[in-house]
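# Descriptive analysis of the structure
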Amino acid sequence: MDHEDFDVIVVGAGFAGMYLLHRFRQMGMTARAFETGSDVGGTWYWNRYPGARVDVESMQYSYQFDEELQQEWEWSERYSPQPEILRYAQHVADRFDLRRDIQFNTRVVAAHFDDQAVNWKITTDDGKQTRSRFFVLAVGCLSSFNKPDIPGLDDFSGNSYFTGQWPHTPVDFSGQNVAVIGTGSTAMQSSVEIAKQAKSLTVFQRTPNFSIPAHNRPQDPEYVAYFKANYPELRAKAKTVYGGLLDDFDERLAVETPREEVEAVLEARWKKGGLTFLGGFADMLYDHRANIIAADFVRDKIRSIVEDPETAELLCPTNIIGGKRLCVDSGYYKMFNLPHVQLVDIAGTPIERITPEGILRGGEVLKFDSIVYATGFDAITGSYLRIDIRGRNGRALKDHWEGGPRTYIGMAVAGFPNMFTVTGPGSPSVLTNMLPSIEMSVEWMTEAIDTMRRKQKRVIEATPQAEADWVAHVNDVAKGSLRSTVKSWYNGGNIGDKPSVFMPYIGGLPAYVRKCDEVVENDYRGFELL
Ligand code: NA7
């Protein structure tokens, strides 16, 4: 059987999958999304842990493709909490009647290109097979949870929780002794909330992380009114900025600015809070000397917040600030002043194993009622490689990506015809505001498909040369940044056997969009349209 059930199969019904469905419907194409979860939302469906919230201001972390949608939706806080973001995703699904094109509770396990039939054969975990002309992966960058390889993990007799797969029913930690393993963004967000309930909280830290205060607060109605009245200009301006994120970025170099002035800028940005802390100077992530000034500034802040000097020193990161993604917290460092919260440094003396009663470390078992694993994600490529994807001649994507992900403009892979990756590896993705990047990616690929239809072509495929050139360009640009010198989930450094490659495109959103536009202007340069 080689007929096509749908024009397009989409994997995932997060923000990317939902917008794809909307676009394909507008184009008069039939599309079906398969989604493992029982509802829309993707990352925001799974990450329900306490304290989960977005680290991009909510007025900017939203769709802009529909003016009525962006005018009608009300965000309650500067950085909205997960339940509200999930409600927004659900509202979008209702508003555009998207659920009728989504099959929930269904995981795509395999996707094979059929060379003869020139279409994709998709196998789902219900044992069914579906065929489509196009295959689009909208699987998210941070959606494959990293279950840590700690011996005895299943022996624990208390409750184990994973931040990336949090229960759908409320978890009450009252009266409990709780352990949190990890000190990334997720751990910082969840532990502050858990500490409010638990009898005791012990945070197990392998590597300290830099965090900037969120200064989260209810939305200011005047700010919202200003934003809504000026959305077209503000959104357009954001697209001219490196991260697709509206903020004041300065081209000055910290190393050429008097130290007091640099400190004053950092102080103002600390007071303002948020991810753009390093944006006051252009060299913060490119010049060690500049980076050290910012890192020292935050270390001094940690020392001034945390009362116990020993704990403060343990919390002070020693690596590049911004090397790992900056965390944005709501009282993480201050939490360690609470008498029932303690920090256990496992850098020198690692966790040996999990026992039925708790955590064995340094020959001693620390007893807990609950253990929370905030141990991150198999980021960017994890969700692709969990699917058995095969392109021309049965070539497996995992083999093609053996030495690290290879794409052309982050959206296509040579040898995998009619397959698209939304905000895929080699696109700016996680280094930018994800919603506008998703919209840009979806619009680019749906326009490419529309062009093919007009030209009556059946196949679009990146050439091996175009892919090789893009991979080389992505690597070249990454080399200049201090980010590539730190082990992180950006470069696979958080997962033992992952190839060490800086996966997102570090050249910024405007440069990336320009390159994608040039591909179109040059008649889909780097692609073959057959
Ligand atoms: P991260 O930032 O990857 O953090 C994971 C944390 O878990 C980090 O502190 C790790 O320490 C720690 N970890 C991982 N495995 C272990 C084991 N086996 N033992 C002890 N500690 C471990 O993930 P998040 O989920 O917090 O955040 C990911 C992104 O999501 C974030 O940047 C935001 O963009 C949203 P390590 O640093 O590896 O020593």
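## Points about the overall build of the protein
Looking only at helices and strands, one finds 16 helices and 20 strands in the protein. Here the C-alpha atoms of the protein give a radius of gyration of 23 Å, agreeing with the 24 Å that 2.2 N^0.38 yields for 530 residues. Structurally, the protein occupies a C-alpha span of about 70 × 55 × 45 Å along its principal axes. Expressed as a percentage of the 530 residues in the protein, the buried residues total 59%. For the protein, long-range pairs separated by at least 24 residues make up 71% of all intrachain contacts whose partners lie at least 6 apart in sequence. Summed over its atoms, the accessible surface of the protein is roughly 21600 Å², and 48% of this surface lies on carbon and sulfur atoms. Across the protein, the centroid of the 57 positively charged side chains sits 2 Å from that of the 71 negatively charged ones.

## Digging into the site of the ligand
Looking at the ligand, there are 19 residues lining it, with Thr183, Thr186, Thr207, Lys324 and Arg325 nearest. Between the ligand and Trp489, the relevant distance is 3.2 Å, taken from an oxygen atom to a side-chain nitrogen or oxygen of the residue. With the chains in place, 85% of the 780 Å² that the ligand exposes on its own is no longer accessible. Among the residues making up the shell around the ligand, the classes are represented as 8 nonpolar, 8 polar and 3 charged.

## Re the packing of aromatic side chains
Aromatic rings considered in pairs are described by the distance between their centres and by the relative angle of their planes. For the coordinates displayed, the defined rule picks out 40 aromatic pairs. Through pairs of rings, three or more aromatic residues link up here, namely Phe15, Tyr19, Trp44, Tyr61, Tyr63, Phe65, Trp73, Trp75, Tyr88 and Phe96. Stacked on the ring of Tyr45, the Lys or Arg Arg48 has its end atom at 4.8 Å from the ring centre.

## Focus on the sheet that holds strand 16 (residues 370-373)
Note on sheets: strands pair through backbone hydrogen bonds, and any given pair is parallel or antiparallel. The strand order across the open sheet built from 5 strands is 7-16-8-9-12, with neighbouring strands paired in parallel fashion. Where the open sheet ends on each side, the last strands, each with one partner, are strand 7 (159-162) and strand 12 (341-345). Here the strands of the sheet are splayed against their neighbours by 20 degrees on average, with no regard to which way each runs. Strand direction decides the pairing type here: strand 9 (residues 200-205) and strand 12, joined by 5 bridges, are parallel. Each residue of the ladder has a partner; that of Gln205, found in strand 12, is Asp345.

## A word on the pairing of strand 4 (residues 108-114)
The buried count for strand 4 comes to 5 of 7 residues, which makes it a mostly enclosed element. Both strand 4 and strand 5 (residues 119-124) contribute to a ladder of 6 bridges, which runs antiparallel. Bridged to Val108 within strand 5 is Thr124. Counting the residues that bridge the hairpin from strand 4 to strand 5 gives 4 residues, and of these Val118 lies at a positive phi of roughly 55 degrees. Strand direction decides the pairing type here: strand 4 and strand 17 (residues 388-390), joined by 3 bridges, are parallel. Each bridged residue has a counterpart across the sheet, and for Ala111 the counterpart in strand 17 is Ile389.

## Observations concerning helix 14 (residues 434-454)
Between its first and last C-alpha atoms helix 14 spans 30 Å; for 21 residues at 1.5 Å apiece the expected length is 30 Å, and the two agree. Of all 21 residues making up helix 14, 16 are buried, and the element is well covered by its neighbours. Just past helix 14, the residue Gln456 takes up positive phi, approximately 55 degrees.

## Brief notes about the nonpolar core
Phe15, Phe24, Ile409, Trp444 and Phe527 are the most contacted members of the largest nonpolar core, which has 87 residues in total. Not counting the four nearest positions on each side in its chain, Trp444 is found in contact with Ile409, Met411, Phe420, Cys516, Asp517, Val519, Val520, Tyr524 and Phe527. Counting 50 residues, the second-largest nonpolar core is a separate cluster that includes Leu266, Phe281, Ala295 and Tyr333.

## Observations concerning the pattern of salt bridges
Side-chain pairs of opposite charge can arise where the charged atoms are in close proximity. For the coordinates displayed, the defined rule picks out 39 salt bridges. The salt bridge involving Glu77 is made with Arg53; its shortest N-O contact spans 2.8 Å. Taken as a pair, Glu77 in the loop between helix 3 (67-72) and helix 4 (82-95) and Arg53 in the loop between helix 2 (43-46) and helix 3 lie far apart in primary sequence, 24 residues in all. With a relative accessible area of 21%, Arg53 lands in the partly exposed category. Three or more residues joined by partner-sharing salt bridges are found here, namely Asp66, Glu68, Glu72 and Arg95.

## Some details on the environment of Phe210
Structurally, the position occupied by Phe210 is in the loop between strand 9 and strand 10 (211-213). For the pair formed by Phe210 and Arg32, sequence separation is 178 residues and the distance between their alpha carbons is 41 Å. Excluding its chain neighbours within four sequence positions, the residues that come into contact with Phe210 are Ala295, Val298, Arg299, Pro317, Asn319, Ile320, Ile321, Leu326, Cys327 and Tyr333.

## Points about the state of the cysteines
Going through the model one piece at a time under the given rule, you end up with 0 disulfides. Counting only cysteine sulfurs, Cys327 is the nearest neighbor of Cys316, a cysteine outside any disulfide, at a range of 14 Å. Taking relative accessible area as the criterion, Cys316 reaches 6% and is therefore assigned buried.

Reading the values: rules and limits
Residues numbered from 1 in each chain as written. Predicted model: local features only at pLDDT ≥ 70, side-chain atom pairs only at ≥ 80, totals over all residues. Heavy atoms only, no water. Helix = DSSP H or I, 4+ residues; strand = E, 2+ residues; numbered from the N terminus. Rg over C-alpha atoms; globule rule 2.2 N^0.38 Å. Buried < 20%, exposed > 50% of the residue type's maximum accessible area, 1.4 Å probe, protein only. Contact = heavy atoms within 4.5 Å. Areas by Shrake-Rupley, 256 points an atom, 1.4 Å probe, with all protein chains shown as cover. Lys, Arg positive; Asp, Glu negative; His and termini not counted. Charge placed at Lys NZ, Arg CZ, Asp CG, Glu CD. Near = heavy atom within 4 Å. Polar contact = N/O pair within 3.5 Å; in protein donor to acceptor, adjacent residues only side chain to side chain. Nonpolar A, V, L, I, M, F, W, Y, C, P; charged D, E, K, R; others polar. Phe/Tyr/Trp six-rings, centres within 6.5 Å; stacked < 30°, edge-to-face > 60°. Lys NZ or Arg CZ within 6 Å of the ring centre and 35° of its normal. Pairing = 2+ DSSP bridges. Axes fitted to C-alpha atoms, helices over the stretch in contact; angles between N-to-C directions. Expected span 1.5 Å × (residues − 1). Core = buried A, V, L, I, M, F, W, Y, C linked by side-chain atoms within 4.5 Å. Salt bridge = Lys/Arg side-chain N within 4 Å of Asp/Glu carboxyl O. Disulfide = S-S within 2.5 Å.

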